[in-house]
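Structural description and commentary
So you can see what is in the structure, the chains are spelled out below.
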Amino acid sequence: MGKILKTSIYIIMLVVSFMLSSCVDDIDDSPTVITGQVIDYYTKKPVTDYKIILVYTKSGFGGSISGEIDSIKVDSLGKFYYSFTATNGCKYDIMAYSTKYEGLSSRELKYETNNQFDVNVKPLKCISLILNNKTGKYKRFCISYFPLGGDQPATFKDTTIIIKSVVPDSYHKLKIDLYECESCGTFITKSENIWIENVDTTYLKREY
């Protein structure tokens, strides 16, 4: 009985290992091609400081696995080209990011064909937020902004907060949590939608 059980476990492990094998194995004959160009939304000039990533996802008996396959280079004209042999049963996507431009959300590729993505991206801007504790009631605050930001705690000793990596010509949700003491959990939330212009820095001032 023990020998049969060990044999069954071994077979199951082999099946799982096969199903979750890497998605870079050459199975299909025709290549999957990715081409395109990255252009500045405003100036229409090529963007070269951009990182495009090819990722895969494979589902199997033991769950799903995913990972990065390769980085796709962008040339001096903002153009990119990449060819690879896809594996049946894998899902492929490209995504991109830059420290200077807005990122590219995940886009699924089609098998054995030319996938063309011409991308117009906006240069990232900043928000300079000045908080004035006019009433003296609040001791500290926490800022969060969407869709790109996370929590940014600070005290009222820091009257100017710089928020980076903001996409212009779009609305962002700005949320400020105001705390009445240094360590208490009681707070008041001030929330608003703010429109970001296409300027290097948008200046805001709020008094509480």
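Below is a summary of the structure that appears in this document. Since this is a predicted model, take the numbers as computed values, not measurements.

1. A short note on the overall build of the protein chain
The number of helices and strands found in the protein chain is 1 helix and 14 strands. Among the 208 residues that make up the protein chain, the fraction classed as buried is 37%. Looking at the protein chain alone, contacts between residues at least 24 apart form 64% of all its contacts between residues at least 6 apart. Surface summary for the protein chain: the accessible area is close to 12400 Å², and the carbon and sulfur share equals 54%.

2. Some remarks on the sheet that holds strand E5 (residues 90–97)
The strand order across the open sheet built from 4 strands is E3-E2-E5-E6, with neighbouring strands paired in antiparallel fashion. Either end of the sheet is taken by a strand with one partner, and the two such strands are strand E3 (63–72) and strand E6 (104–108). The average angle at which neighbouring strand axes cross in this sheet is 25 degrees, direction not considered. In terms of strand pairing, strand E2 (residues 51–60) meets E5 through 8 bridges, oriented antiparallel.

3. Regarding the packing of aromatic side chains
When we look at a pair of aromatic rings, we describe it by the centre distance and by the angle of the planes. Enumeration according to the criterion identifies 6 aromatic pairs in this entry. Ring geometry for tyrosine 41 and tyrosine 42: centres 5.0 Å apart, planes at 85 degrees, overall edge-to-face. The class for tyrosine 41 is partly exposed, based on a relative accessible area of 37%. Taking the centre distance of 6.1 Å and the plane angle of 45 degrees together, the rings of tyrosine 82 and phenylalanine 84 count as tilted. Ring pairs connect the aromatic residues Tyr82, Phe84, Tyr92 and Tyr111, which therefore count as one cluster. Taking NZ or CZ as reference, lysine 122 lies 4.8 Å from the ring centre of tyrosine 41, over its face. Against the face of tyrosine 179 rests arginine 140, its NZ or CZ located 3.9 Å from the ring centre.

Rules and cut-offs
Residues numbered from 1 in each chain as written. Predicted model: local features only at pLDDT ≥ 70, side-chain atom pairs only at ≥ 80, totals over all residues. Heavy atoms only, no water. Helix = DSSP H or I, 4+ residues; strand = E, 2+ residues; numbered from the N terminus. Buried < 20%, exposed > 50% of the residue type's maximum accessible area, 1.4 Å probe, protein only. Contact = heavy atoms within 4.5 Å. Areas by Shrake-Rupley, 256 points an atom, 1.4 Å probe, with all protein chains shown as cover. Pairing = 2+ DSSP bridges. Axes fitted to C-alpha atoms, helices over the stretch in contact; angles between N-to-C directions. Phe/Tyr/Trp six-rings, centres within 6.5 Å; stacked < 30°, edge-to-face > 60°. Lys NZ or Arg CZ within 6 Å of the ring centre and 35° of its normal.

Fair warning: the whole summary comes from geometry, so function is off the table for now.
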